[in-house]
Amino acid sequence: MGDRRIGVIINGATGRMGTTQHMANLLAIAAEGGLPLANGDRLIPELMLVGRDARRIEKLAAEHGGQRWTTTLEEAFAGPDRIFMDCAATGGRPKRVRQAIAAGKHVFIEKPTAPTVDEAMALAKLADRAGLKHGVIQDKLFLPGFAKLLAAGKSGFFGRILSVKIDAGSWIFDGTEQECQRPSWNYKKSEGGGLALDMMAHWRYMIDRLVAPITDVCAVMSTAIPERVDEAGERYKVDAEDTNYALLRMQNGAVGVITNSWATRPRRDDTMVVQIDGTGGSAVAGRFRCYTQSAAATPEAFIKAAKPDGVDLMAHWQEVEAPAQNPFRQCWEIFLRHVGENAPYLPTLVEGAKAVQLADLAYRSVAERRWIGVPELKL
């Protein structure tokens, strides 16, 4: 048994995701003595932080134990670090990932992996030909509520699955009276923005794993807020969609409905709610909590609910209890084991390309106003 150190480059370290999710969880693993491997060794991540602003990245590195830092990817790629994590803006991701692969780095990146499915598949093939490990973050599956939903499906609780409904989103301020909660590039097509490109990446892997592979999509999109204020206080025109509605068909015959908007005020348990209905029962999950209702516990609601005090539709649901762990930490532990001991790994860059594919086909569906089939992607 021994300690094995592995260098991890985090590009976009000063951004919200880079700091609070990737850096924080890797530092936590290191602080606990590293990740235990099957042979008894412990894999200890050592970080190289990359950011554009020297003052900010130096300050961040100093505040977290004097981590190594640089403002150039070229310097980072020239070093001995073995893993490249990219969580900077989507638009430039293909170029950065190509540079990492050319430098012989394993790549583990945020979604979407590229602005288009062709670019995403090209990256997957490039990494595979280079013999490098590659993966994409699929954090939503590890959120406590959705992890319980996945466990219910694996147990056979749903019986034959009939449908999945996703209702997600919240109100993103336009920046005039309150600061916008999302960076301005999210609303600019040229910089990789767009709600469908951002969130369809999540919906693809969640539905594929929770229900069945998606075979067809039909979508409608719009830009509800056409003008916003950026980080510098300047007004700009929004040319990316902030609202997305989609119908889905799945391989097992189930149907899906997605309502997703950055211009909605939610009145539900969470900003992101998934419901799966099946012959054996139903489940409703937000990011943290999950409730199930079995066929045996289902009340008669068709007639009774039409009366003011006829039936309480919130009753007859059972909360699922299970321990929770940080989803990004779980993603990192799985990928680190994949690199450190060649442990099995599912969400490769091909899975990342599938996520981009669903967004691509949703955009095409909008343009052509019809259902679009979802072809299989493979290396």
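Everything discussed here concerns the structure shown above.
Residues numbered from 1 in each chain as written. Predicted model: local features only at pLDDT ≥ 70, side-chain atom pairs only at ≥ 80, totals over all residues. Heavy atoms only, no water.

Undergrad: Explain the pattern of salt bridges residue by residue, including any values.
TA: This model, assessed by the stated rule, comprises 22 salt bridges. The residue Arg204 makes a salt bridge to Asp208 at a minimum N-O spacing of 2.9 Å. Of this pair, Arg204 and Asp208 both sit in helix α7 (residues 195–210), four residues apart, which is roughly one turn of that helix. Comparing Arg204 with Asp208, the two get one shared label, buried. Here Arg364 ties to Glu368 by a salt bridge, and the two come within 3.1 Å at their closest N and O atoms. (Salt bridge = Lys/Arg side-chain N within 4 Å of Asp/Glu carboxyl O. Helix = DSSP H or I, 4+ residues; strand = E, 2+ residues; numbered from the N terminus. Buried < 20%, exposed > 50% of the residue type's maximum accessible area, 1.4 Å probe, protein only.)

Undergrad: Report on the nonpolar core, specifying residues and quantitative values.
TA: Among the nonpolar cores identified, the biggest contains 75 residues, and Leu149, Trp203 and Val211 are the most heavily contacted of them. Within the second largest apolar cluster, 28 residues are counted, among which are Ala61, Met85, Cys87 and Val339. (Core = buried A, V, L, I, M, F, W, Y, C linked by side-chain atoms within 4.5 Å.)

Undergrad: Can you explain the sheet that holds strand β17 (residues 318–319)? Please cite residues and give values.
TA: Hydrogen bonds between backbone groups are what pair the strands of a sheet, and the pairing can be parallel or antiparallel. Pairing is mixed across the open sheet formed by nine strands, whose spatial order is β17-β16-β15-β14-β8-β13-β12-β9-β18. In this open sheet, the two edge strands, each paired with only one partner strand, are β17 and β18 (372–373). By the bridge criterion, five bridges tie strand β15 (residues 281–285) to strand β16 (residues 290–294) in an arrangement that is antiparallel. Paired with Gly281 across the two strands is Ser294, which belongs to β16. (Pairing = 2+ DSSP bridges.)

Undergrad: Pulling in residues and values, what's your account of the packing of helix α4 (residues 93–102) against helix α5 (residues 117–129)?
TA: Viewed as axis vectors pointing N to C, α4 and α5 meet at an angle of 5°, and their least axial separation amounts to 10 Å. Comparing their axes, α5 and α4 come out roughly parallel. Together, Pro94, Val97, Arg98 and Ile101 of α4 and Glu119, Ala122, Leu123, Leu126 and Ala127 of α5 make up the contact between the two elements. Partitioning the contact of α4 with α5 into residue classes produces seven nonpolar, no polar and two charged. (Axes fitted to C-alpha atoms, helices over the stretch in contact; angles between N-to-C directions. Parallel < 35°, antiparallel > 145°, perpendicular 65-115°, else oblique. Contact = heavy atoms within 4.5 Å. Nonpolar A, V, L, I, M, F, W, Y, C, P; charged D, E, K, R; others polar.)

Undergrad: An account of the environment of Asn244 is requested, with residue identities and associated values reported.
TA: Along the polypeptide, Asn244 turns up in strand β12 (residues 243–250). Placed 76 residues apart in sequence, Asn244 and Ala168 show a C-alpha to C-alpha distance of 10.0 Å. When residues no more than four places from it in sequence are discounted, the contact partners of Asn244 are Leu195, Ala196, Met200, Ala219, Val220, Met221, Ile258, Thr259 and Asn260.

Undergrad: Quick one: what's the story with unusual backbone geometry, residue by residue and with numbers?
TA: Along the chain, Lys111 connects to Pro112 via a cis peptide bond; the corresponding omega equals -15°. Topologically, Pro112 is positioned in the loop between β6 (106–109) and α5. With a phi angle near 65°, His316 is a residue other than glycine that sits in the positive phi range. For His316, the position within the fold is in the loop between β16 and β17. According to the relative accessible area criterion, His316 is partly exposed, its value standing at 43%. Residues other than glycine seldom take positive phi values, yet Arg369 does so here, at roughly 55°. Tracing the backbone through its elements, the reader meets Arg369 in the loop between α9 (349–368) and β18.

Undergrad: How would you explain the packing of helix α1 (residues 16–31) against helix α8 (residues 327–341) if you had to name every residue and give the values?
TA: Interaxial distance between α1 and α8 falls to 9 Å at its minimum, and their mutual angle equals 55°. Comparing their axes, α8 and α1 come out oblique. Taken as a pair, α1 and α8 cross one another with a handedness that is right-handed. Here Met17, Gln21, His22, Asn25, Leu26, Ala28 and Ile29 of α1 come into contact with α8, specifically with Phe328, Arg329, Trp332, Glu333 and Leu336. (Left-handed = near helix turned anticlockwise from the far one by under 90°.)

Undergrad: Give a detailed account of the pairing of β12, specifying residues and quantitative values.
TA: Here strand β9 (residues 214–222) runs beside β12; their pairing, made up of eight bridges, is antiparallel. Across the sheet, the residue bridging to Val217 is Leu248, located in β12. Bridge count for β12 against strand β13 (residues 255–261) is seven bridges, and the pairing is antiparallel. Counted as the bridge partner of Leu247 is Val257 from β13. Here β12 hands over to β13 after four residues, with Gly253 in that stretch at a positive phi of 90°.

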